[in-house]
Each structure stands twice: as structure tokens, then as C-alpha cells.
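Residues per chain are reported as follows:
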Amino acid sequence: MAAATELSAEDWLGACRRAADGLRRVLRDHPTSRERVIETGERGEGGDRTLVIDAAAEEVVFGQLERLHEAGYRFTAVSEERGTVDFGGDDLRVVIDPIDGSLNAKRGLPHHALSLAVADGPTMADVLFGYVFDLGPGEEWHAVREQGAFLDGRRLDPPPERRGRKGRLELVAVESADPHWLAASAAALCEVTNRVRALGSIAVTLCQVAAARVDGMATLWRCRAVDAAAAQLIVRESGGLVRFTAMAEPLAAPLDLEPRSPVVAALTEEGLEALATVPSS
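Each value, and the rule that gives it
Residues numbered from 1 in each chain as written. Predicted model: local features only at pLDDT ≥ 70, side-chain atom pairs only at ≥ 80, totals over all residues. Heavy atoms only, no water. Buried < 20%, exposed > 50% of the residue type's maximum accessible area, 1.4 Å probe, protein only. Helix = DSSP H or I, 4+ residues; strand = E, 2+ residues; numbered from the N terminus. Pairing = 2+ DSSP bridges. Contact = heavy atoms within 4.5 Å. Salt bridge = Lys/Arg side-chain N within 4 Å of Asp/Glu carboxyl O.

Across the nine residues that make up helix α6 (residues 202-210), a large majority, nine, are buried. Every buried residue of α6 is listed here: I202, A203, V204, T205, L206, C207, Q208, V209 and A210. Looking one or two residues beyond α6, the residue adopting positive phi is A212, at roughly 60°.

Next up, the structure:
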């Protein structure tokens, strides 16, 4: 029987690409907001109401995991909808959000993504492979531990951080953009950045840091591992920095379904320190 650790990055990349193709079919079969807002009547293990497109997307992803399991590979899956699923081994953990940015997906807004991370331990520091497919623009992001980060197959080599005349970061993205949390963070953001963007997907937003499309990002509330595990590796492998601010160590956030900590990411240590001062709820 094949050991879980025998799966290569190319094996995981192939499985992710097949899953992304399946997710595109799901969304093509539900092209309008009227179709995408339909709920199943249940809540996923992450606590959110499950949309029909969420359930269909998870079926696609788990179809690929079952294919790997049938080939003899062993791992445990942690998923937004199904929770923890045992595929015969706990040496390897697969952390999945079939559609990060479900609100965008159901309303027809561009950024919503498949996010899948593979880890050989219990925390963010242990992620060895990360994959994010942004279903809006069709961009594929992935990273392999100690081998770099890639956008559509090209290695990421981001330009330097940009700052305005007063020394503030030129552009910062925020997530968990509840108006109350935005209001509580507004004064601190004014000290850190000149402009703010909110894309509506933690995974996609972290990827924007990896490509230096924004100079940093911060969530204004605690995020779940399923949203951030893959993309935080993409940031780090591109040369950027990530910190889960509620943890004693920057990458100590556990790979489970609880919303454990806000996350900040930046291109420099100075930028990261500044974003860590932005209050979160």
C-alpha cells in the first residue's frame, strides 16, 4: 500500500487541477445569482449556511481525494463543509475550502477560489503544498515548501513594497470586512496605508500579497485554517511574511475548523509590524 508521504507535489497539483476543472463546471451549471443563492438547508462544519454550489463543489474535491485514497494513499481531510474526514492516516493533513469567497460566488462577483493545503504537521508552519485557483479571473497559484511560489506556472518574483510620500504603504487589502470591524480599524488603517481594497476572499487576498499587487493584507476578525492555509504558504514561498497575530508564534495557528486568529501578511518586516497594529475583533 502506498504511503501518504509518497505523493509528490506534482501528484497534488494534478489532483487540484482536476478539482478546479470540476468546480468551473459546477459554476457553469449554475450561472446566475438566482441559482447560486439556493441553500441546502444545512450548515457546514465551519458554521456557515451551505449553498447548493458549496455542496456540489465539495463533491468534486472529495472525488479527487477518494481517487487518491483508492490508489492507496492515506491522509486526513479537514473541510469547510464536511469537517474532519479520515482517509486512513493522520501523518498528512489536507485542508480544503472548495469555494473561499462563497458570498462573491453566489452574487456573481469575481474573486472566489478553490483553496487546498497539504501539511505534515498540525500548524500553518507545517504546510508543504498550497494551491489556490481563483475562479473569477482563472488564475492558478501554488507553492511547494522550499521550492517557491508560482502564478500560472511562472515563479513569483515580486517587486519591492511601495510607500507613499508620508511613508505609508501604498495599498493594503482587508478581509472580514464587516462595517463594524472596519469602523473599529479605520484610525489604525489611516496610519498604515494610503488606500484599502476588500476582495472578499482571504485566500485570494493573500495571493495578491505574494505577487505584490498589494503591499500587505490584514483580516479584521479571526480566520479559519481552511481559508488561509494554502495561500499563507504561497506568500511565504514568494518571499513575503505572514503572522497569525493571536498565536504565540507567527505560524502556530492550528489546522482545524475553529476561527483561531487574525492573519496579516506583508512584503517586509516593517510592513508586517505596522499591519499587526491594526485592531481586529
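So, next bit.
Neither face of strand β8 (residues 148-151) is open: one carries G148 and F150, the other A149 and L151, and all of them are buried. Pairing of strand β7 (residues 139-144) with β8 involves four bridges; the strand directions are antiparallel. Looking across to β8, one finds that A143 is bridged to A149. Counting the residues in the hairpin turn of β7 and β8 gives three residues, including E146, whose phi is positive at 65°.

Another aspect to go through is the environment of R24. Topologically, R24 is positioned in helix α1 (residues 9-29). What R24 contacts, discounting residues up to four positions off in sequence, is F133 and L135.

Attention now goes to the environment of G200. By the element assignment, G200 lies in the loop between β11 (193-197) and α6. Looking at G200, the relative accessible area reads 35%, which means it is partly exposed. In this structure, G200 is in contact with G101, N104 and E175, ignoring residues within four places of it in sequence.

Right, let's talk about the pattern of salt bridges for a bit. According to the stated counting rule, one finds twelve salt bridges in the structure shown. Residue R224 pairs with E80 through a salt bridge whose shortest N-O separation is 3.0 Å. Here the residue R224 occupies a position in the loop between β12 (216-219) and α7 (225-237), and E80 occupies one in the loop between β3 (75-79) and β4 (83-100), the gap between them amounting to 144 residues. Residue E80 is classed as buried on the basis of its relative accessible area, which comes to 6%. With a closest N to O distance of 3.5 Å, R243 and E269 form a salt bridge. Taken together, the residues R243 in strand β13 (residues 241-244) and E269 in helix α8 (residues 269-275) connect sequence positions 26 residues apart. Judged by its relative accessible area of 19%, R243 is buried. Assessed through its relative accessible area of 42%, E269 is described here as partly exposed. Among the charged side chains, a network of salt bridges with common partners joins E58, E59 and R82.

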